[in-house]
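Structural overview for review
Listed below, chain by chain, are the residues.
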Amino acid sequence: MPQKMLVLFRYLTYGMLIGLSHEIPLIGTKVRDARPNELPFVVSIARRAQSNDTHFVNRHFCTGTLISRRSILTVEHCFGGLALSDIEIIAGSEDVSLGDKYYPESWITYKEWKKNKKGYMEFLHHDIIVLTLEGKGVRPEIHPATILTFAPTDLIRSIVRIAGWGVSIDGKCPLVLKTALTTVLCEEECRKRASDLSRNDLLIMENYFCSSAKPGVLSSYGDSGAPILNKRKQLVGLNIGVCPNLIGFPLRYQLIYQMNLHIHLYHYRNFIKDVKITS
């Protein structure tokens, strides 16, 4: 594999996630609490409560999106080392203290689905998974998100919304869902900003895209898997994290130079359609 591609793979995917341990919150002057019933399809993915640790702020680790009553779309990297029995889903309210608890029955990653289909892996890395809930899933009045899977170039310069329960500066997750607007960058701008700081000539794989805001808005640990929504609240992507890795730099510097990294759903439209039907 070419050295530049190795750098890209490390720097803009899992290597980037190391930066999330810094636990900067979803911040910016335009970040706000989601209004009641504004984003009812966004769910918290948390570790099941133990007898000595029942509070949500200690257990939330990822955000997801209902795409049917039983199916939740999120990112695979959240679940390393976890079993289905370790997980609970909180859905039905932007305030998790008012939400209902559900439990996953199964999950399938894109890589597993592609292997079952005996298909060719188009990219070096895929970070997408669908969880299937037990029973009939969420209450009928909780409406799933609508998915829009158009070509990636159609997103450039558009305003998108991100929403999640990522950790705040005190290391705890808020009870109320946070949301903010960012602007999708073209591949060249995303690549240049990452390359200038890393001093390597990087390429952005086609299944990813970047966004940023002025003043800055950055996602954090717990915002992985968060929905990326267009102005009609249609799901167009999933949040991965932030890039490049600027651990140790002042927060004001991070807000200027870091970007949010997302996975584009266009390349996974057949996977999503198939899993939704079979859930």
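The following refers to the structure shown. (Residues numbered from 1 in each chain as written. Predicted model: local features only at pLDDT ≥ 70, side-chain atom pairs only at ≥ 80, totals over all residues. Heavy atoms only, no water.)

Considerations on the overall build of the protein
When helices and strands are tallied, the protein shows 5 helices and 14 strands. For the protein, the proportion of its 279 residues judged to be buried stands at 52%. In the protein, 74% of the contacts between residues at least 6 apart in sequence involve partners at least 24 apart. Surface exposure of the protein reaches about 12800 Å², of which carbon and sulfur atoms provide 53%. (Helix = DSSP H or I, 4+ residues; strand = E, 2+ residues; numbered from the N terminus. Buried < 20%, exposed > 50% of the residue type's maximum accessible area, 1.4 Å probe, protein only. Contact = heavy atoms within 4.5 Å. Areas by Shrake-Rupley, 256 points an atom, 1.4 Å probe, with all protein chains shown as cover.)

Observations concerning the sheet that holds strand β5 (residues 87-91)
Backbone-to-backbone hydrogen bonds join strands into a sheet, with any given pair of strands oriented parallel or antiparallel. Taken together, the 7 strands give an open sheet; going across it, the order is β6-β5-β2-β3-β4-β8-β7, and neighbouring strands pair in antiparallel fashion. Across the chains shown, the open sheet's two edge strands, defined by having one partner strand only, are β6 (100-102) and β7 (104-109). Each neighbouring strand pair of the sheet contributes to a mean axis angle of 35°, computed without reference to strand direction. Where strand β4 (residues 71-74) meets strand β8 (residues 129-133), 4 bridges bridge the pair, whose relative direction is antiparallel. Bridge pairing in β8 links Ser-71 to Thr-132. (Pairing = 2+ DSSP bridges. Axes fitted to C-alpha atoms, helices over the stretch in contact; angles between N-to-C directions.)

Re the packing of aromatic side chains
For the coordinates displayed, the defined rule picks out 6 aromatic pairs. With a centroid separation of 5.4 Å and 55° between ring planes, the pair formed by Phe-79 and Trp-107 is classed as tilted. Remark: Trp-107 occurs in strand β7 and Phe-79 occurs in the loop between β4 and β5; sequence separation between them is 28 residues. Residue Phe-79 is classed as buried on the basis of its relative accessible area, which comes to 6%. (Phe/Tyr/Trp six-rings, centres within 6.5 Å; stacked < 30°, edge-to-face > 60°.)

A look at the state of the cysteines
Under the counting rule described, the total for this entry stands at 2 disulfides. Each sulfur of the disulfide joining Cys-62 and Cys-78 lies 1.9 Å from the other. Looking down the S-S bond of the Cys-62 and Cys-78 bridge, the torsion is 60°, so its handedness is right-handed. One end of the pair, Cys-62, is in strand β3 (residues 60-66); the other, Cys-78, is in the loop between β4 and β5, and 16 residues separate them in sequence. On the accessibility criterion, Cys-62 (0% relative accessible area) is buried. With a sulfur-sulfur separation of 1.8 Å, Cys-190 is cross-linked through a disulfide to Cys-210. Of the two residues, Cys-190 is situated in helix α3 (residues 187-198) and Cys-210 in strand β11 (residues 208-212); the sequence distance between them amounts to 20 residues. The pair Cys-190 / Cys-210 is uniform in exposure class, with both members buried. Numbered by position along the chain, the disulfide-linked cysteines of the protein connect as 1-2, 3-4. (Disulfide = S-S within 2.5 Å.)

Looking at the nonpolar core
One recurring pattern in soluble globular proteins is that nonpolar side chains are buried together. Grouped together as the largest cluster of nonpolar side chains are 55 residues, with contacts concentrated most on Leu-73, Ile-89, Ile-128 and Phe-271. Not counting chain neighbours up to four residues away, the residues in contact with Ile-128 comprise Leu-73, Thr-74, Val-75, Glu-76, Thr-109, Tyr-110, Leu-238, Ile-263, Leu-265, Tyr-268 and Phe-271. Formed by 8 residues, the second largest nonpolar core is a distinct cluster that contains Val-160, Ile-162, Val-184 and Val-236. (Core = buried A, V, L, I, M, F, W, Y, C linked by side-chain atoms within 4.5 Å.)

Concerning the pattern of salt bridges
By the definition in use, this model includes 13 salt bridges. Between Lys-117 and Asp-274 there is a salt bridge whose closest N-O contact spans 3.4 Å. Here Lys-117 is found in the loop between α2 (110-116) and β8, whereas its partner Asp-274 is found in helix α5 (residues 269-278), with 157 residues between them in sequence. Since its relative accessible area comes to 22%, Asp-274 is described here as partly exposed. For the salt bridge of Glu-189 with Arg-157, the shortest nitrogen-to-oxygen distance reads 2.8 Å. Taken as a pair, Glu-189 in helix α3 and Arg-157 in the loop between β8 and β9 (159-164) lie far apart in primary sequence, 32 residues in all. Members of the salt-bridge network, linked through shared partners, are Arg-32, Arg-35 and Glu-38. (Salt bridge = Lys/Arg side-chain N within 4 Å of Asp/Glu carboxyl O.)

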